[in-house]
Amino acid sequence: MFAEYLTRGVKAGVVAGLVFGLFMAVVANPLVGYADELNHAAVEESGHGHEAESAHSHEADGAHSHDSEGTHASESGGHHDTAVSMAVTKAVSVAAGGLWGVALGGAFFGVAFFFLEPAIPGPDAAKSYLLGLAGFVTVSGAPWLVLPPVAPGAEQSLSVATRLPLYAGLMLAGALACLSAGYVYTRLRESSGLVSAVVGAAIPFGLLAAVAVFAPENAVHGALSPTLETGLTGLFAFGQVLLWLVLAAAHSRLRPSSESEPEPAIPTAGRDSAPAAD
């Protein structure tokens, strides 16, 4: 039985991982590369003074002819190396996305779903999506309340040694909030009705937000424009939402036929029964 759950979760992870990897390779990586180039350009401009610029101009006058000859000789090779590098980067992104999807699918939709399925509220078709929502809150949503995604090259006030345990603690808080919300909803749904159950289930998430208020602040400083930084943050968030949504959808579609198809109705007395004797 456990092997069936794990296999189903891994299959869903393969599908979601491929979709997420393609998203990273086609959409995210080019924008991240562009932002990285802007950061490098800003650093180089800030590091060069007027004297360095003047010296560079005098050297360029004497070496102009040599540079122009070398440029024509290496132009075709540079384009070829760039094309190969881009292809390798895309292949690595797809492979990494696939492995990440398999890991999440096996851990959440395989192991966790095996133990938590009876406690997840709602019909069978909705349980995969509720678990996907809980997974997003645990892995991304709760930590992002304090440590949201940052643009490449941005400087953060908190050190790595502080951010890592803080991120792990927020993940644990997110998991506890989801488990508490499910427990409260189930208990109140049976005794007080749907409205009370929904309100009660929202309380753990309110407490989670309160925890984030007392967490240390992580100030971020970068060379990118606020518009580009906001766009990158939104792109990272959309990628994670896409990953968990595809995971939940694939897991729901992979339900065994005995769960997804209703049992045939048993004929009752009436038109389906044999005609009564005169």
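Residues numbered from 1 in each chain as written. Predicted model: local features only at pLDDT ≥ 70, side-chain atom pairs only at ≥ 80, totals over all residues. Heavy atoms only, no water.

A.B. asks: How should the overall build of the chain be read in this particular structure?
C.D. replies: Counting secondary structure elements, the chain contains eight helices and two strands. Order of helices (α) and strands (β) in the chain, N terminus to C terminus: α-α-α-α-β-α-α-β-α-α. Contacts spanning at least 24 positions in sequence make up 83% of the contacts within the chain whose residues lie at least 6 apart. For the chain, the computed accessible surface area is about 17,400 Å², with 67% contributed by carbon and sulfur atoms. (Helix = DSSP H or I, 4+ residues; strand = E, 2+ residues; numbered from the N terminus. Contact = heavy atoms within 4.5 Å. Areas by Shrake-Rupley, 256 points an atom, 1.4 Å probe, with all protein chains shown as cover.)

A.B. asks: Explain the nonpolar core here, please?
C.D. replies: Core analysis: the largest hydrophobic core is formed by 19 residues, its most contacted members being Leu 104, Phe 108, Phe 109, Leu 243, Trp 244 and Leu 247. It is helix H7 (residues 226-253) that contributes the most residues to this core, six residues altogether. One finds Val 146, Leu 147, Leu 166 and Leu 170 within the second-largest nonpolar core, a separate group that totals seven residues. (Core = buried A, V, L, I, M, F, W, Y, C linked by side-chain atoms within 4.5 Å. Buried < 20%, exposed > 50% of the residue type's maximum accessible area, 1.4 Å probe, protein only.)

A.B. asks: What should I look at first to understand helix H6 (residues 194-213) in this one?
C.D. replies: In an α-helix, one turn spans 3.6 residues; hence positions three or four apart end up facing the same way. Here H6 is 20 residues long and its end C-alpha atoms lie 30 Å apart, about the 28 Å a rise of 1.5 Å per residue gives. Of all the positions in H6, only Ala 197, Gly 200, Ala 201, Pro 204, Leu 208 and Ala 212 are classed as buried. Where the residues of H6 are buried, they touch helix H4 (124-144) and helix H5 (160-191). (Expected span 1.5 Å × (residues − 1).)

A.B. asks: Could you clarify how one ought to interpret the packing of H4 against H7 in this entry?
C.D. replies: Interaxial distance between H4 and H7 falls to 8 Å at its minimum, and their mutual angle equals 155°. In terms of orientation, H4 lies roughly antiparallel with respect to H7. As H4 packs across H7, the resulting crossing turns out to be right-handed. Between H4 and H7, the residues in contact are Ala 125, Ser 128, Tyr 129, Gly 132, Gly 135, Phe 136, Val 139, Ser 140 and Trp 144 and Phe 236, Ala 237, Gln 240, Val 241, Trp 244, Leu 245, Ala 248, Ala 249, His 251 and Ser 252, respectively. (Axes fitted to C-alpha atoms, helices over the stretch in contact; angles between N-to-C directions. Parallel < 35°, antiparallel > 145°, perpendicular 65-115°, else oblique. Left-handed = near helix turned anticlockwise from the far one by under 90°.)

A.B. asks: Any chance you could explain a nonpolar patch on the surface here in plain terms?
C.D. replies: Taken together, Phe 2, Leu 6, Val 111, Phe 115, Leu 116, Leu 172, Leu 176 and Leu 179 make up a surface patch of nonpolar side chains, about 700 Å² in accessible area. A relative accessible area of 32% means that Val 111 is categorised as partly exposed. (Patch = residues over 30% accessible without salt bridge, like charges linked within 9 Å, V, L, I, M, F, W, Y side chains within 5 Å. Salt bridge = Lys/Arg side-chain N within 4 Å of Asp/Glu carboxyl O.)

A.B. asks: Is there a simple way to explain H4 in this structure?
C.D. replies: Over its 21 residues, H4 extends 30 Å from the first C-alpha to the last, a length consistent with the 30 Å expected when each residue adds 1.5 Å. The sharpest bend along H4 measures roughly 50° and falls at Val 137. (Bend = angle between axes of the 7 residues up to and from the residue.)

A.B. asks: Even after reading the chapter, I still don't get the environment of Leu 18, so can you show me in this structure?
C.D. replies: Position of Leu 18 among the secondary structure elements: in helix H1 (residues 2-47). Sequence separation between Leu 18 and Leu 243 is 225 residues; the distance between their C-alpha atoms is 9.4 Å. Sequence-distant contacts of Leu 18, defined by excluding residues within four places in its chain, comprise Val 94 and Gly 98.

A.B. asks: Teacher, can you tell me more about the confidence of the model for the chain here?
C.D. replies: Interpretation of the predicted coordinates at a detailed level should be avoided for regions scoring low in pLDDT. Per-residue pLDDT for the chain averages 81, and the proportion of residues at 70 or more is 77%. Every residue in residues 50-76 is under pLDDT 50, and counting partners more than four places away or in other chains gives zero contacts. Segment residues 260-278: pLDDT under 50, and three contacts once partners within four positions in sequence are set aside and those in other chains are kept. (pLDDT = per-residue confidence, 0-100.)

A.B. asks: Just to check I follow, could you spell out the packing of aromatic side chains for this structure?
C.D. replies: In this description, an aromatic ring pair is defined by two values, namely the gap between the centres and the angle between the planes. Counted by the stated rule, this structure contains eight aromatic pairs. Judged by centre distance (6.4 Å) and plane angle (40°), the rings of Phe 109 and Trp 244 are tilted. Of this pair, Phe 109 sits in helix H3 (residues 64-116) while Trp 244 sits in helix H7, and the two are 135 residues apart along the sequence. A single burial state applies to Phe 109 and to Trp 244, both of which are buried. Taken together, the aromatic side chains of Phe 2, Tyr 5, Phe 113, Phe 114 and Phe 115 make up a single cluster linked through ring pairs. (Phe/Tyr/Trp six-rings, centres within 6.5 Å; stacked < 30°, edge-to-face > 60°.)

A.B. asks: Which parts of the structure should I look at to understand the packing of H4 against H5?
C.D. replies: Geometrically, a packed helix pair is captured by the angle between its two axes and the distance between the axes. Two elements in contact, H4 and H5, have axes whose closest approach is 8 Å; the angle formed by their N-to-C orientations is 135°. Of the possible angle classes, the one that applies to H4 and H5 is oblique. Crossing of H4 over H5 shows right-handed handedness. From H4, Ala 134, Val 137, Thr 138, Val 139, Ser 140, Ala 142, Pro 143 and Trp 144 reach across to H5, where they touch Tyr 167, Leu 170, Met 171, Gly 174, Ala 175 and Cys 178. Here the residues of the contact of H4 with H5 sort into 11 nonpolar, three polar and no charged. (Nonpolar A, V, L, I, M, F, W, Y, C, P; charged D, E, K, R; others polar.)

A.B. asks: Please clarify how the environment of Leu 235 should be interpreted in this entry.
C.D. replies: In this fold, Leu 235 is placed in helix H7. Residue Leu 235 is classed as buried on the basis of its relative accessible area of 12%. With 208 residues separating them in the primary sequence, Leu 235 and Val 27 have C-alpha atoms 8.8 Å apart. Apart from residues no more than four positions distant in its own chain, Leu 235 is found in contact with Phe 23, Val 27, Ala 28 and Leu 31.

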